[in-house]
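# Close look at the chain arrangement
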Amino acid sequence: MKSTLSDNALLGTILLAIFVVPSSISGTALALPAIGSDIQASLTHLQWVVNAFNLAFACFTLAWGALADRLGRKRCFVAGAGLYVLASVVSALASDAWVLDLGRALAGVGAAAIFSCGIAILSTHFDGPARLRAFALFGTVAGLGVSLGPTLSGLLIEGVGWRAIFWAHTLTLALVLLGTPLIARDGRLAEHKTGFDVGGTALFVLALLALMVAIVQGSQWGWQSPGVLGLLVLSGLLLALFAWQERRHLQPMLDLSLLGSGPFVGLALVTVAASFGFVTLLTYLPSYLFGVLRLAPTQAGLAMLLLTVPMLFCPILAGKWAARGVSAVGILKASLLALLAGVVSLALVAQVQASLWQLAVPLLLVGAGMGLSAGLVDGLALKTVPAQKAGMAAGLLNTFRLGSEAIAVAVYGSLLATLLDGRLREGLGAFSAEPATVRGWIDSVAAGNLDGVVQGAAQAEALQAVLRAGYDSAFHGVLWFLAAVIVLLTVLIGWLVRPLREQERGALAVQ
């Protein structure tokens, strides 16, 4: 199908909305110090500026996907973009921390609609090579959002102030709303039925909310605390009730047959591998670069650019290769191997005295592993389900992606803190006999604040050497754990997607 001007305009409208979401995720965290100073927000409130968005994004992705199959993808996409505009205005005008947290939660709900419905619109509007191109551009634009989010936010904060970030979101999505008349109505695909599964939606949102709160608060309350354990048990019970509800409902929010499709689940797990291999480093690598390697800000920025720059061209390359007949499943397997090779090589070369250029190849490999699968996996996964379930499938796919990102980041932080405690507690005893002081030092190091511990301390150079060595050792322990997770997921994914590979071989034999 040859792309027309209207097709390209529609694609640009969807991609502009898609760009805002990852740029908001990666860029808003940079504004937290300025926000805290301006509105006198506590540390907990500042954390929920990011966590509220992520929680709402993950919780409502599947609900929007199911709703889109019934009310229409265009209608739900417009509703999500409109809600995001409203939420951004609330965030920009917030004078209290709880108002800002509420605004970010509402933005997360809108972001879930933009991603779920936007992907479903691309999947149903385009086909053949045009569809491959659309999803390759989707992956590239999402990568641009992740890569450029911190840079754009930094420029806005320095030039205007932190509120300008949310005004920028407002203006960008206002342009998206102006372009939505280009999106055709999809009445033939949307299932206009009564009896939407309100009970199933509520159970799923509450189950995921309980799980996410347990993960987010685990490091603060303690993983064995009654509060965390209670939330985990509650989440399990709610998920069991959700499964029961979906089996008995005539129009379930989630058709459980989607989870019975091995190829679909296998492709969804590719996003989980990317969460553990790429997203964790995107979140925590800066602390290692600043605290252990002592890189200057410009050098650390260049290192993060090495990690993210493959996201700018790898999705396009993957789409072109697939369009030319290269096995899409083979490309995804290559992405997993690149991800694994990057994490393992980073564990081998990273050390206290390592230079930036020693990290270049590992970081590029991790970025390429993420980039080769971005976009391609979405298009391939949605091809495994009927068009009438595209919204539901897109929502489930993004629930895998977003839920695993939150879990991976939380597990990384928890494991890092545990390993730091084991490696530093005894050594720090030589600098202070007060357990509370040592505990505070370890917590500060786990948060990446090595310099804050050393300032004003006796034997500062010796203390800094102990902290750097302990963080380096814990960092390596986490990297080997991530590598093990990726190995297990690669094996499982290879087994689940075998039918797709056999289909590809059959198609080649026919040709």
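Every chain begins its residue count from 1, and numbering advances along the sequence as written. Residues qualify for local features only when their pLDDT is at least 70, as the model is predicted, and side-chain atom pairs are given and counted only at 80 or more; totals for whole chains, interfaces and linings, by contrast, use all residues. The basis for the side-chain values is all heavy atoms of the structure; hydrogens and waters are excluded.

Here helix 14 (residues 356–373) contains 18 residues, and its C-alpha end-to-end distance of 26 Å stays within 8% of the 26 Å for a straight helix at 1.5 Å per residue. For each residue, the accessible area found with a 1.4 Å probe, counting protein chains only, is set against the maximum for its type, and the residue is called buried under 20%, exposed over 50%, and partly exposed in between. Starting at the N terminus, helices and strands are each numbered in turn, a helix being any DSSP run of H or I of at least four residues and a strand any DSSP run of E of at least two. Most of helix 14 sits inside the fold, with 13 of its 18 residues counted as buried. Here a helix's expected span is defined as the number of its residues, less one, multiplied by 1.5 Å.

Attention shifts here to a nonpolar patch on the surface. Patches in this entry comprise residues that are over 30% relatively accessible and not in a salt bridge; like charges within 9 Å are linked, as are nonpolar side chains (Val, Leu, Ile, Met, Phe, Trp, Tyr) within 5 Å. To be clear on the numbers: accessible area is Shrake-Rupley with a 1.4 Å probe, and residue cover counts the displayed protein chains and nothing else. Within this document, salt bridges are pairs made up of a side-chain nitrogen of Lys or Arg and a carboxyl oxygen of Asp or Glu, the two lying within 4 Å of each other. On the surface, L312, F313, L317, W321 and V326 cluster together into a nonpolar patch covering about 400 Å² of accessible area. Within the secondary structure, L312 sits in helix 12 (residues 310–323). The exposure class assigned to L312 is partly exposed, which follows from its relative accessible area of 31%.

Given a rise of 1.5 Å per residue, 14 residues ought to cover 20 Å, and the 20 Å separating the end C-alpha atoms of helix 12 matches this to within 8%. Within helix 12, the full set of buried residues consists of P310, M311, C314, P315, A318, G319 and A322. Down the axis of helix 12, the buried side of the element spans an arc of 145 degrees, and every buried residue falls inside it. Of the residues trailing helix 12, G325 is marked for its positive phi of about 100 degrees. Taken from the helix axis, the directions to the C-beta atoms give the arc we talk about.

What follows is about the environment of D38. Residue position: D38 is located in helix 2 (residues 32–39). Among the residues examined, D38 registers a relative accessible area of 43% and is labelled partly exposed. Spatially, the C-alpha atom of D38 lies 9.8 Å from that of D96, the residues being 58 residues apart in sequence. By definition, residues are in contact when any of their heavy atoms lie within 4.5 Å. Look past the residues within four positions of D38 in its chain and what remains in contact with it is W162 and R163. Two N or O atoms form a polar contact when they lie within 3.5 Å of each other; inside protein one atom must be a possible hydrogen donor and the other a possible acceptor, and for residues adjacent in sequence the pair counts only when both atoms belong to side chains. Separated by 2.9 Å, the side chains of D38 and W162 make a polar contact.

Here, a disulfide means two cysteine sulfur atoms that sit within 2.5 Å of each other. Within this structure, the stated rule accounts for zero disulfides. Note on C76: no disulfide assigned, nearest cysteine sulfur contributed by C117 at a separation of 4.8 Å. Judged by relative accessible area, which is 0%, C117 ranks as buried.

This brings us to empty space enclosed by the protein. Cavity means a closed set of points on a 1 Å grid over the protein atoms alone, one where a 1.4 Å probe fits but cannot get out, pocket means an open set with protein on both sides within 12 Å along at least 5 of 7 lines, and lining means a residue has an atom within 4 Å of a point. Grid points are joined across faces, edges and corners, and a volume is the space filled by probe spheres set on the points. In this structure the tally under the stated criterion is two cavities of 30 Å³ or more. When its volume is computed, the largest cavity comes out at roughly 40 Å³. In terms of lining, the largest cavity is formed by L267, V270, V329, L332, K333, L336, I493 and V497. Listed by contribution, the elements that provide at least two residues to the lining of the largest cavity are helix 10 (262–291) and helix 13 (328–349). Each residue is assigned to one of three groups, with Ala, Val, Leu, Ile, Met, Phe, Trp, Tyr, Cys and Pro labelled nonpolar, Asp, Glu, Lys and Arg labelled charged, and all others, Gly among them, labelled polar. Considered class by class, the residues forming the lining of the largest cavity number seven nonpolar, no polar and one charged. Put simply, the second largest cavity is a space of about 30 Å³. Looking at the lining of the second largest cavity, the element that brings in the most residues is helix 3 (residues 43–71), giving four residues.

The next point concerns the confidence of the model for the protein. Confidence of the prediction at every residue is given by pLDDT, a number between 0 and 100. Per-chain confidence: the protein averages 82 in pLDDT, with 89% of residues scoring 70 or above. No element of the protein has a lower mean pLDDT than helix 18 (residues 450–454), which averages 67, and none a higher one than helix 13, which averages 94.

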